[in-house]
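Listed below are the residues making up each chain.
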Amino acid sequence: MGCSCAGDVVWLNRMKLGWLDRMVDGGLAGSVGWPGWWRDLYDDVKLNYTRDRAVELYFWASGVFLGEGNAHARIVLAKMIALSSLMDDTYDVRATLEECVKFDEAIQSYGMLPKYLHMLYLKTLGTFHEFEDALEPNEKYRVSYVQKAYMLLSKYYLQQAKWSNENYVPSFKDQVDVSTMSSGAPMLAVVTLMAAGDKATKEAFEWASSVPDMVHAGGEIGRFLNDIPTYKRGKNKKDLATSLECYMNEHGATVEEAAAALYAMTEHAWRRINRACMEIDRALLPGAQLAVVSLARTIEIIYFGGNDAYTFSGHLQGLVTSLFLKPVPV
């Protein structure tokens, strides 16, 4: 998978080189920071079917954790999006159903892996240990919540792989129930709390891990906005029927009608999030705003205008250039 045209590839290569050379945010430009971590991970796992997206991953995390003092939180979130992206591409593009089952068994802490996935598995474990080492003693419990959320994400990826292998087209409801979770947003909500410092309490982790309606609505936004461009650009042979296709099948709708319905559902999901922000326990609100509102807002940017700017990164050119490379007048 890659960018939509040769011009995008040239721009991205230039952007990545410029970013590594010029970006200074809490030491990120060094080998111990984000660029070096991603380059080491991507080169070590040797999964050339996966998306190489150093800039885009950090941009995504930057939309959630704004401000000069949040460099570490951005790196933590970017690392978990990165691991999820590698796992997602493995389930979607490369692995057979048998390999998907074995990988999920390894993630759940048992089973033997296909050889080509050994390094990804080891890197994943190492990243969780790294997170735990960086937390204060009274915060180390947070990693177990993230691990459980990541294991659950793998289960939903596996369910989709089984449906794809069987050429099964689920009902719209069943598709949305599974693919909202496989969007990664509910898992990333927990990761965001892990990186949120004092804004996250243990009660907030319990709240997010239970996937309340507010968190589920954030996942729906990610799912619907992802599925519209996925259908329009054409599918790979392993791709599961999207929510757009399931809606078309169930309602006899055209592509345009189904897309309009999904956009309306996205709007309704935002209304549910807004209502939840007004009704939620005030002690949970700071964490909920980061874990759901900021994350969903960034997803809106990534998929703005019916585009998939994570896969086809040229759509982010202006925003990334402005955010990371252009000096701000003072």
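Whatever comes next refers back to the structure up there.
Computed from a prediction, not measured in an experiment: that's the story for all the values here.

What the protein chain contains, in helices and strands, is 15 helices and 0 strands. Here the protein chain holds 330 residues, and the buried ones make up 56% of them. Pairs at least 24 residues apart make up 72% of the contacts formed inside the protein chain by residues separated by at least 6 positions. Surface summary for the protein chain: the accessible area is close to 15000 Å², and the carbon and sulfur share equals 55%.

Before going further, it helps to spend a moment on the nonpolar core. Core analysis: the largest hydrophobic core is formed by 94 residues, its most contacted members being Trp34, Trp38, Met80 and Met214. If you tally residues by element for this core, the top one is helix H4 (residues 71–94), at 12 residues. Setting aside residues up to four positions removed in sequence, Trp38 forms contacts with Arg51, Asp52, Arg53, Ala54, Leu57, Ala82 and Leu86. Formed by 14 residues, the second largest nonpolar core is a distinct cluster that contains Ile228, Leu244, Met248 and Ala258.

Note on placement: Thr311 falls in the loop between helix H14 (285–302) and helix H15 (317–325). A polar side-chain atom of Thr311 sits 2.7 Å from a polar atom in the side chain of Arg51.

The next subject is the packing of helix H3 (residues 54–64) against H14. The geometry of H3 relative to H14 is characterised by a closest axis approach of 8 Å and an angle of 135 degrees between their N-to-C directions. As the angle between them shows, H3 and H14 are arranged oblique. Where H3 crosses over H14, the handedness of that crossing is right-handed. Side by side, H3 and H14 meet where Phe59, Trp60, Gly63 and Val64 of the first sit next to Leu290, Ser294, Leu295, Arg297, Thr298, Ile299, Ile301 and Ile302 of the second. Tallied by class, residues from the contact of H3 with H14 come to 8 nonpolar, 3 polar and 1 charged.

Tallied over the entire structure, the rule returns 14 salt bridges. Lys79 is the partner of Glu130 in a salt bridge, and the nearest nitrogen-oxygen pair spans 2.0 Å. Here Lys79 lies in helix H4 and Glu130 lies in helix H6 (residues 118–134), a separation of 51 residues in the sequence. Between Arg94 and Glu99 there is a salt bridge whose closest N-O contact spans 3.8 Å. Look at Arg94 and you get partly exposed, because its relative accessible area is 40%. Accessibility expressed as a relative area gives 17% for Glu99, which makes it buried. Here the salt bridges share partners, and the residues they tie into one network are Arg39, Asp43 and Asp52.

Count 3.6 residues to each turn of an α-helix, and residues three or four apart come out pointing the same way. An ideal rise of 1.5 Å per residue puts 34 Å on 24 residues; H4 measures up with 33 Å between its terminal C-alpha atoms. Counting buried residues in H4 gives 20 out of 24 residues, a clear majority hidden from the surface.

Right, let's get into empty space enclosed by the protein. In the structure shown here, the tally under the stated rule is 1 cavity of 30 Å³ or more. The calculated volume of the largest cavity comes to roughly 50 Å³. Lining the largest cavity, in full, are Ala185, Pro186, Ala189, Val215, Gly218, Gly219, Ala291, Val292, Leu295, Ala296 and Ile299. Contributing elements (two or more residues each) for the lining of the largest cavity: helix H9 (185–194), helix H11 (213–233) and H14. When residues in the lining of the largest cavity are grouped by element, the largest group, 5 residues, is from H14. When its residues are assigned to classes, the lining of the largest cavity shows 9 nonpolar, 2 polar and no charged.

Vacant regions in the atomic arrangement are exposed by a probe of water-molecule size rolled over the atoms. Space inside the largest pocket adds up to approximately 1000 Å³. Considering the residues around the largest pocket, the lining is formed by 50 residues, among which Asp88, Asp92, Gln160, Arg223 and Asn226 are closest to the centre. When contributions to the lining of the largest pocket are tallied by element, the ones reaching two or more residues are H4, helix H5 (97–107), helix H7 (141–165), helix H8 (172–182), H9 and H11. The greatest single-element share of the lining of the largest pocket, amounting to 9 residues, is contributed by H4. Its residues placed into classes, the lining of the largest pocket shows 20 nonpolar, 18 polar and 12 charged.

Here we come to the packing of aromatic side chains. Inspection of the entire model under this criterion finds 13 aromatic pairs. Summarising the aromatic geometry, the rings of Trp34 and Trp37 are spaced 5.6 Å apart at their centres and angled 25 degrees between planes, so their arrangement reads as stacked. Here Trp34 pairs with Trp37, and both are found in helix H2 (residues 34–45), just 3 residues apart, close to one helical turn. An identical accessibility class is assigned to Trp34 and Trp37; each is buried. For Arg94, the ring lying beneath its charged end belongs to Tyr116, and the centroid distance is 4.2 Å. The lysine or arginine in question, Lys202, covers the ring of Tyr141, its NZ or CZ lying 5.4 Å from the ring centre.

Conventions adopted
- Residues numbered from 1 in each chain as written.
- Predicted model: local features only at pLDDT ≥ 70, side-chain atom pairs only at ≥ 80, totals over all residues.
- Heavy atoms only, no water.
- Helix = DSSP H or I, 4+ residues; strand = E, 2+ residues; numbered from the N terminus.
- Buried < 20%, exposed > 50% of the residue type's maximum accessible area, 1.4 Å probe, protein only.
- Contact = heavy atoms within 4.5 Å.
- Areas by Shrake-Rupley, 256 points an atom, 1.4 Å probe, with all protein chains shown as cover.
- Core = buried A, V, L, I, M, F, W, Y, C linked by side-chain atoms within 4.5 Å.
- Polar contact = N/O pair within 3.5 Å; in protein donor to acceptor, adjacent residues only side chain to side chain.
- Axes fitted to C-alpha atoms, helices over the stretch in contact; angles between N-to-C directions.
- Parallel < 35°, antiparallel > 145°, perpendicular 65-115°, else oblique.
- Left-handed = near helix turned anticlockwise from the far one by under 90°.
- Nonpolar A, V, L, I, M, F, W, Y, C, P; charged D, E, K, R; others polar.
- Salt bridge = Lys/Arg side-chain N within 4 Å of Asp/Glu carboxyl O.
- Expected span 1.5 Å × (residues − 1).
- 1 Å grid on protein atoms, 1.4 Å probe; cavity = no way out; pocket = protein on both sides within 12 Å on 5 of 7 lines; lining within 4 Å.
- Points joined across faces, edges and corners; volume = space filled by probe spheres on them.
- Phe/Tyr/Trp six-rings, centres within 6.5 Å; stacked < 30°, edge-to-face > 60°.
- Lys NZ or Arg CZ within 6 Å of the ring centre and 35° of its normal.

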